[in-house]
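# Structure assessment
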Amino acid sequence: MLYAIIASDVADSLEKRLAARPAHLERLQQLQAEGRMVLAGPHPAIDSNDPGAAGFTGSLIVAEFDSLSAAQAWADADPYLAAGVYEQVVVKPFKQVLP
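Below is a summary of the structure that appears in this document. Note that the structure is predicted; figures quoted are calculated from it, not measured.

## Considering the pattern of salt bridges
- Here the structure, examined in full by the defined rule, presents three salt bridges.
- The residue Asp 78 makes a salt bridge to Arg 27 at a minimum N-O spacing of 3.9 Å. Remark: Arg 27 occurs in helix H1 (residues 14–33) and Asp 78 occurs in the loop between helix H2 (68–76) and helix H3 (79–82); sequence separation between them is 51 residues. The burial state of Asp 78 is the same as that of Arg 27; both residues are buried.
- The residue Arg 36 makes a salt bridge to Glu 34 at a minimum N-O spacing of 2.5 Å.
- Given the relative accessible area of 25%, Arg 36 is considered partly exposed.

In structure tokens, the structure reads:
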């Protein structure tokens, strides 16, 4: 089943985010290599694909997991959480309707 992982950043997290980004991306690339990734990306803090120093306010990941508990365990191990980038992470079942 698909699950949405919706994370909110702490204020002024850009420096921490950049430091933890390689490890974060490595895990996402593993999901993609396994054919389980639907989409992933950050929420820019301003109306721009490249927000620069404004940074980001969080992230969204939609991927396939065996269960809600498996998705939660994967989210709990995110390097951004360990680095103090995320202040809150919500994991919910997701039903893709379109496309």
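## Points about the side chain of His 24
- Mapped onto the fold, His 24 is located in helix H1.
- Dropping the residues within four chain positions of it, His 24 is found in contact with Ile 61, Asp 78, Pro 79, Tyr 80 and Tyr 86.

## A few points about H2
- Taken residue by residue, H2 has Ala 71, Trp 74 and Ala 75 as its buried positions. Buried positions in H2, seen along its axis, are confined to an arc of 100° and lie on one side of it.
- Considering only its buried residues, H2 is in contact with strand E1 (2–9), H1, strand E3 (56–64), H3 and strand E4 (86–94).

About the criteria used
- Sequence order as written defines residue numbering, which begins from 1 separately in each chain.
- A pLDDT threshold of at least 70 governs which residues receive local features in this predicted model, and a stricter bar of 80 or more applies before side-chain atom pairs are shown or counted, although totals over entire chains, interfaces and linings include all residues.
- The basis for every side-chain value is the complete set of heavy atoms in the structure, and neither hydrogens nor water enter the calculation.
- A pairing counts as a salt bridge when a side-chain nitrogen of Lys or Arg comes within 4 Å of a carboxyl oxygen of Asp or Glu.
- Counting from the N terminus, the helices are the DSSP runs of H or I reaching at least four residues and the strands are the DSSP runs of E reaching at least two.
- Using a 1.4 Å probe on the protein chains alone, a residue whose accessible area is under 20% of its type maximum counts as buried, one over 50% counts as exposed, and one in between counts as partly exposed.
- Whether two residues are in contact is decided by their heavy atoms: any pair within 4.5 Å suffices.
- Note that the arc is computed from the directions linking the helix axis to the C-beta atoms.

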